[in-house]
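# Commentary on secondary and tertiary structure
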Amino acid sequence: MSIHQTSFVLSVEDLTVSFDGFKAVDGLTFYVEPNECRVMIGPNGAGKTTVLDLICGRTRATSGSVRFKDQELLSMREDQIVLAGVGRKFQTPSVYEDLSVFENLELSFPRGHGVFGSLFFRRDAEVKDRIQEIAETIFLADLLDEKAAFLSHGQKQWLEIGMLLIQDPELLMLDEPVAGMSVAERKKTAELLNRIIDHRSVIVIEHDMGFVEDIATRVTVLHQGKTLSEGKMDKVKNDPKVIEVYLGH
Amino acid sequence: MFAGYSAGELTAIFAMQGFAGLILFSVFVLMALGLAIIFGQMGVINMAHGEFMILGAYVTYLVSHAFADYMPALFSFYFFVAMALAFLASGALGMLVEWGLIRHLYRRPLDTLLATWGLSLILQQIYRSVFGAREVGVTIPDWMMGSLPLTDMIEVPINGLFVMALALGISVAIYLLMFRSRWGQQVRAINQNRVMAGAVGINTERTDRLTFGIGCGIAGVAGSAFTMIGSTGPTSGQLYIVDTFLVVVFGGAGSILGTIASAFTISQAQSVLEFFLSGSMAKVITLLVVVGILMLRPQGLFALKLRK
Amino acid sequence: MQIDRKTRFLTREEAIYFGLLAAVIFLILPLALDSFRLNLFGKYLTYAFVAIGLVLCWGAGGILSLGQGVFFGLGGYAMAMFLKLEASTPEATAIQSTPGIPDFMDWNQITALPWWWEPFNSLAFSLIAVVIVPVAFAFIIGVAMFRRRVGGVYFAIITQAIAAILTILIIGQQGFTGGVNGITDLRTLKGWDIRTDEAKEILYFVNAVLLFACLFAAQYVRRSKLGRLLIAMRDQEDRVRFSGYDVASFKIFVFCLGAAFAGIGGAMFTLQVGFMSPTLVGIVPSIEMVIFAAVGGRLSILGAVYGTLLVNWAKTTLSESFPELWLLGLGALFIAVVMFFPNGLAGLWSEQVMPRLRKLFAGRGAGARPPAAPFPANSASAPDSPAAKAAAE
Ligand SMILES: Nc1ncnc2c1ncn2[C@@H]1O[C@H](COP(=O)(O)OP(=O)(O)OP(=O)(O)O)[C@@H](O)[C@H]1O
Ligand SMILES: [Mg+2]
């Protein structure tokens, strides 16, 4: 164990959460290596979103441990977890509709996160250049001054991904990043994700199997809050248990 | 501080004080139930709740005069007629207000709060113009006067008992309505998932209006009951609004049982403290404790656990 | 097209609007009004401090406090305590049974100055207290509530309850606070008689300068990244939290800032009007201050000042001649603002008046943004958008 501890980016051990007796996540254990892209799949209600909620502090775990590098995340506040290097994208796109695309990205720039830091934050060349660079990556360079409310659904998803990129987290967690997208948007997003999952560890929740095969290093199949199967895509795909509860219909 | 009282006297004092607390409790329950329905089930903050109560009180006042003038023989029973009319008047006004005002603001709870405050100012002014600025009282029928001697030192006022019985009756009625009637089922369905409720054919607009109307109607009955223990002025409603809100929030919005438990806690605390301190300090301390507990436990005493 | 995204303290249009307000307050009102009316407007302007704070807390941050009167009162009482002590010299109070203490204490059989009154013998302490006491109080409330993520209507109700509690307390503790009458009969500030016409005129200008200082501070906040964060928090609190911000600390900050503004306003009220009483602390004044901000435009700090002046002027005029109408009018105002003009006067100006003026002077209109609504409003329609529906599936 102790040999591994330093080499894993994230070690989730025996993680459990119970909502009034209902265990949405039940004794879950998995490890994420540096630069790994871990995909989580599983039927609706399997507890995938809840796992991400637990890691990033949105839901408090009942028991277990989540270690990120050498820090225990379960005792940290959400913003501290983020500043430690864990980024999270929500299932429904959440961007600041009343602010421009530029301002949306700016708020995620990793500087000036305290009250007084933000009060005296300067929008200098470094900030602008970085935002420009990110905006190009996420196909929104021409829309920087548009209010986010006017973006299409896919563009909002990209913007949220961009907000995470500018944060430059070591561990990125994405909840169904291509859900609700058109075929063209989906292709572009896959391309985008392939580019950004380089150089960092990623946990992705996704139902789209084609997409999963494309990006996954390893796959975890979740069922009723427990791991049903784990490993390389080919192995998991042929696991009879997985076929029965998830793929088989 | 107990020096000079004999043990018997002390028991009597505590019993009387406890009884005063029970009356206060009934009053709180009557006030808070309507609000709890509206706030808990619809998420609407009705700052004019006190004015709906006062409407019930004025209706009772009018009915008592009508009986005295035209049917003096039946005067003993006017109160029951008054209560029914108070329910109808406040309920009808409530439905009108829901239609004209509230339904446009469902997504903006803070704005509802301001708009209903505006409504309360308008109602107060109307009461003042119609009934005058002075407080009015009703003549209590004979059978409600006086008190019932329990022992030779403990007496309980009959009108107090009546208010208590009324609070009990209305609580039971609401409970039955909420959990046994079709309306209650619809209200609870809407509360859990408005879109889905609409999709399965519940007329959410009508149910909302009815809910608001029933909540206001209960306020009217509460106002009617108040005339038995005190007089009514145009601004009487405002005196109660903070207590009422605290009772509802403290009980955990959405929980009728919680509202009753919280009304009990707050009223008992206040009336026991009143014995030791001045009335205003008793109130300050009670409210401070309630606010303090709410800061520690914002979901109230009996919160429902729901996924956001 | 290279857009310059510099964050200016004031855009050109905003500078014009600030200039216009300065002209109204520093020139037009003093020239147009006699000293009695000017003092009255000075009193109105003390409420504008509260309204500006509400624009930041409520308009920008979505935190509606119904207890701003508490902070106004704390600032006002701090000032009043100093002035009262100065007016209660042993010579001036020789006829009391205990000379040298405020008269209301003597009437309530109190024979020595309570310890917590002592520091208010010092002007420096009192002036600091005017700001620090409200801020400390707001800080405690803010930490307790925002750390536990209490917001929205719960926050509104609890702040309202606090306003009620403080009023009952002040009225109940007559001997220490002057009770329902408040602290009255204030005369001099370090020997300078504040009751004369000249003194009132000078105080009007001091008040105006302080108001502009607060306006500039508020403008700085809303121009800073913190200002944008407030809007972001109002709309997507979780996203802000998961972008690495401690949301509660930002809310605590604006709430305290609003309290500081209110405290200054309260102190200036005491100085200009010559008394402080619980009628300025309770539920009713607190919620009226919200309507000042709402009428002016909950998103505009300058609008809040105009709104305050307008509503108060209407109140004075109407309640002089038609007292019944005033309450009806005020009630209708609450409803109308919420239902029909959620962005108040500033919204009317930027959505109705300016576009027409622009058309009138076609070709000259430069800036495209409506400047009078500096905070973007809540896009209420957003949840209905097809995109959001698709996402929900
Ligand atoms: N705060 C909560 N309180 C009660 N139950 C909860 C809570 N959070 C999650 N659950 C329950 O836990 C289970 C797992 O939910 P979760 O959202 O994690 O599933 P999921 O795998 O993400 O599903 P989907 O594919 O539909 O997104 C569900 O049954 C859900 O109702
Ligand atoms: Mg999910």
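Residues numbered from 1 in each chain as written. Chains lettered and ligands numbered in written order. Predicted model: local features only at pLDDT ≥ 70, side-chain atom pairs only at ≥ 80, totals over all residues. Heavy atoms only, no water.

## Considering the overall build of chain B
- The helix and strand inventory of chain B stands at 11 helices and 2 strands.
- Along chain B, helices (α) and strands (β) appear in the sequence α-α-α-α-β-β-α-α-α-α-α-α-α when read from the amino end.
- For a compact globule of 308 residues, the expected C-alpha radius of gyration is about 19 Å, and chain B comes in at 20 Å, within 12% of that figure.
- Each of the three principal axes of chain B carries a C-alpha extent, and together these read 65 × 55 × 35 Å.
- Within chain B, the proportion of its 308 residues that are buried is 53%. (Helix = DSSP H or I, 4+ residues; strand = E, 2+ residues; numbered from the N terminus. Rg over C-alpha atoms; globule rule 2.2 N^0.38 Å. Buried < 20%, exposed > 50% of the residue type's maximum accessible area, 1.4 Å probe, protein only.)

## Concerning the interface of chain A and chain C
- The interface of chain A with chain C comprises 44 residues on the first partner and 38 residues on the second.
- Across the interface of chain A and chain C, roughly 3600 Å² is buried in total on both sides, 57% from carbon and sulfur atoms.
- One can count 6 salt bridges joining chain A with chain C.
- Measuring nitrogen to oxygen at the nearest pair gives 3.0 Å for the salt bridge that ties E106(A) to R228(C).
- At the junction of chain A and chain C, the tally comes to 16 residue pairs in polar contact (both at pLDDT 80 or more).
- The element best represented in the side of chain A that touches chain C is helix α7 (residues 153-167) of chain A, accounting for 6 residues.
- Residue composition of the side of chain A that touches chain C, grouped by class: 19 nonpolar, 9 polar and 16 charged. (Contact = heavy atoms within 4.5 Å. Buried area = accessible area lost by both parts, 1.4 Å probe. Salt bridge = Lys/Arg side-chain N within 4 Å of Asp/Glu carboxyl O. Polar contact = N/O pair within 3.5 Å; in protein donor to acceptor, adjacent residues only side chain to side chain. Nonpolar A, V, L, I, M, F, W, Y, C, P; charged D, E, K, R; others polar.)

## Quick word on the packing of aromatic side chains
- Taken as a whole, this structure holds 40 aromatic pairs over all chains when the rule is applied.
- Residues F120(A) and Y220(C) carry aromatic rings whose centres are separated by 6.1 Å and whose planes lie at 45° to one another, so their mutual orientation is tilted. Of this pair, F120(A) sits in the loop between α5 (115-119) and α6 (125-137) while Y220(C) sits in helix α8 (residues 197-223), which puts the two residues in different chains.
- Classification of Y220(C) as partly exposed rests on a relative accessible area of 31%. (Phe/Tyr/Trp six-rings, centres within 6.5 Å; stacked < 30°, edge-to-face > 60°.)

## Quick word on the coordination of the magnesium ion (ligand 2)
Residues and elements named next belong to chain A.
- Bound to the magnesium ion (ligand 2) on the protein side are T49 (OG1) and Q91 (OE1), at distances that span 1.9 to 2.6 Å. Within this pair, whereas T49 is found in helix α2 (residues 48-55), its partner Q91 is found in the loop between β6 (86-89) and α4 (101-106), the two being separated by 42 residues in sequence.
- By relative accessible area, which is 19% here, T49 ends up buried. (Donors = N, O, S within 2.8 Å, 3.2 Å for Na, K, Ca; no water.)

## What to know about the interface of chain C and chain B
- With 43 residues of chain C at the contact, the number on the chain B side is 41 residues.
- If you sort the residues of chain C by the area they bury against chain B, I157(C), I165(C) and V338(C) come out on top, with a joint share of 16%.
- Where chain C touches chain B, the interface holds 1 salt bridge.
- Where R298(C) meets D111(B), a salt bridge forms, and the shortest distance between an N and an O atom there is 3.1 Å.
- Those elements giving two or more residues to the side of chain C that touches chain B turn out to be α5 (123-146), α6 (152-172), α12 (283-296) and α14 (323-339) of chain C.

## Some thoughts on the environment of Y245(C)
- By the secondary structure assignment, Y245(C) is in the loop between α10 (237-241) and α11 (247-273).
- Spatially, the C-alpha atom of Y245(C) lies 9.9 Å from that of M233(C), the residues being 12 residues apart in sequence.
- Residue contacts for Y245(C): discarding those within four places in its chain leaves D79(A), L107(A), G112(A), H113(A), K225(C), L229(C), V240(C) and F250(C).
- Of the polar contacts made by the side chain of Y245(C), one reaches the side chain of K225(C); its length is 3.0 Å.

## A closer look at the site of ligand 1
- Around ligand 1 there are 14 residues in total, and N44(A), G45(A), K48(A), T49(A) and T50(A) lie nearest to it.
- At ligand 1, the nearby residues belong to more than one chain, namely chains A and B.
- Contact between ligand 1 and N44(A): an oxygen atom at 2.8 Å from a side-chain N or O atom of the residue.
- A distance of 3.0 Å separates an oxygen atom of ligand 1 from a polar backbone atom of G47(A).
- In the complex, the protein chains occlude 73% of the 640 Å² of accessible area that ligand 1 would expose alone.
- Listed by contribution, the elements that provide at least two residues to the shell around ligand 1 are β2 (22-32) and α2 of chain A.
- Per element, the largest residue contribution to the shell around ligand 1 is 3 residues, and it comes from α2(A).
- Classifying every residue of the shell around ligand 1 gives 4 nonpolar, 7 polar and 3 charged. (Near = heavy atom within 4 Å. Areas by Shrake-Rupley, 256 points an atom, 1.4 Å probe, with all protein chains shown as cover.)

## Topic: the nonpolar core
- Of all hydrophobic cores here, the largest spans 266 residues; its most connected members are L105(A), L159(A) and L215(C).
- If we ignore the near neighbours within four places in the chain, the residues touching L159(A) are V95(A), V101(A), N104(A), L105(A), I138(A), L140(A), A148(A) and L151(A).
- Counting residues in each nonpolar core, the second largest holds 32 residues, with L10(A), F30(A), L52(A) and L54(A) among its members. (Core = buried A, V, L, I, M, F, W, Y, C linked by side-chain atoms within 4.5 Å.)

## Regarding the pairing of strand β3 (residues 37-41) of chain A
All names here are of chain A.
- Most of β3 sits inside the fold, with 5 of its 5 residues counted as buried.
- Burial along β3 is two-sided: C37, V39 and I41 facing one way and R38 and M40 facing the other are all buried.
- As paired strands, β3 and strand β8 (residues 201-205) are joined by 4 bridges and run parallel to one another. From the neighbouring strand, C37 faces β8, where its bridge partner is V202.
- Sheet topology places β3 next to strand β9 (residues 218-223); 4 bridges connect them, and they run parallel. The residue of β9 that forms the bridge with R38 is R218. (Pairing = 2+ DSSP bridges.)

## What about the sheet that holds strand β5 (residues 71-72) of chain A?
Residue and element names in this part refer to chain A.
- The 4 strands lie next to each other as β2-β1-β4-β5, forming an open sheet whose pairing is antiparallel. Two strands close off the open sheet at either side, each with one partner strand: β2 and β5.
- Where strand β1 (residues 10-19) lies against β2, 7 bridges are found, and the strand directions are antiparallel. Its bridge partner being in β2, L15 is matched across the sheet by L28.
- The sheet strands contacting α2 are β1, β2 and β4 (63-68), and the helix crosses β2 at an angle near 70°. (Axes fitted to C-alpha atoms, helices over the stretch in contact; angles between N-to-C directions.)

## Let's talk about the side chain of Q124(B)
- Inspection of the secondary structure puts Q124(B) in helix α4 (residues 109-131).
- If sequence neighbours within four positions are ignored, Q124(B) has contacts with E51(B), P234(B), T235(B), Q238(B) and L327(C).

## Notes on the confidence of the model for chain B
Residues and elements named next belong to chain B.
- Chain-level pLDDT for chain B is 85 on average; 95% of the residues reach the 70-or-more range.
- Note that residues 304-308 has pLDDT below 50 and, in this model, 3 contacts with residues that lie over four places away or in other chains.
- Scoring the predicted complex yields pTM 0.90 and, for the interface, ipTM 0.88. (pLDDT = per-residue confidence, 0-100.)

## Here's the deal with the environment of R58(A)
- You can see R58(A) is positioned in the loop between α2 and β4.
- In this structure R58(A) comes out as partly exposed when scored by relative accessible area, which is 38%.
- Taking the C-alpha atoms as reference, R58(A) lies 6.7 Å from E78(A); in sequence the two are 20 residues apart.
- When neighbours within four sequence positions are excluded, R58(A) is seen to be in contact with D53(A), E78(A), R88(A), F90(A), D238(C) and F242(C).
- There is a polar contact of 2.7 Å between the side chain of R58(A) and the side chain of D238(C).

## Overview of the side chain of N207(C)
- You can see N207(C) is positioned in helix α8.
- Setting aside residues up to four positions removed in sequence, N207(C) forms contacts with G42(C), L45(C), T46(C), F49(C), M268(C) and Q272(C).

## Focus on the sheet that holds strand β7 (residues 171-175) of chain A
Residues and elements named next belong to chain A.
- Strand order across the open sheet formed by 6 strands is β6-β7-β8-β3-β9-β10, with mixed pairing between neighbours. At either margin of the open sheet sits one strand with a lone partner, and together these are β6 and β10 (226-231). Strand-to-strand twist in this sheet, taken as the mean axis angle between neighbours without regard to direction, amounts to 15°.
- Across 4 bridges, β6 lies against β7 in parallel orientation. Looking at the pairing, G87 lines up with L172 of β7.
- On the sheet, α7 packs against β6 and β7 and is oriented at approximately 175° with respect to β6.

## Overview of the packing of helix α1 (residues 12-32) of chain C against helix α13 (residues 301-321) of chain C
Residue and element names in this part refer to chain C.
- The N-to-C vectors of α1 and α13 enclose an angle of 25°; their axes lie 10 Å apart at closest approach. It follows that α1 is roughly parallel to α13 by the angle criterion. Where α1 crosses over α13, the two elements pack in a sense that is left-handed. Between α1 and α13, the contacting residues are Y17, F18, L20, L21, V24 and I25 on the first element and I301, L302, V305 and Y306 on the second.
- When its residues are assigned to classes, the contact of α1 with α13 shows 10 nonpolar, no polar and no charged. (Parallel < 35°, antiparallel > 145°, perpendicular 65-115°, else oblique. Left-handed = near helix turned anticlockwise from the far one by under 90°.)

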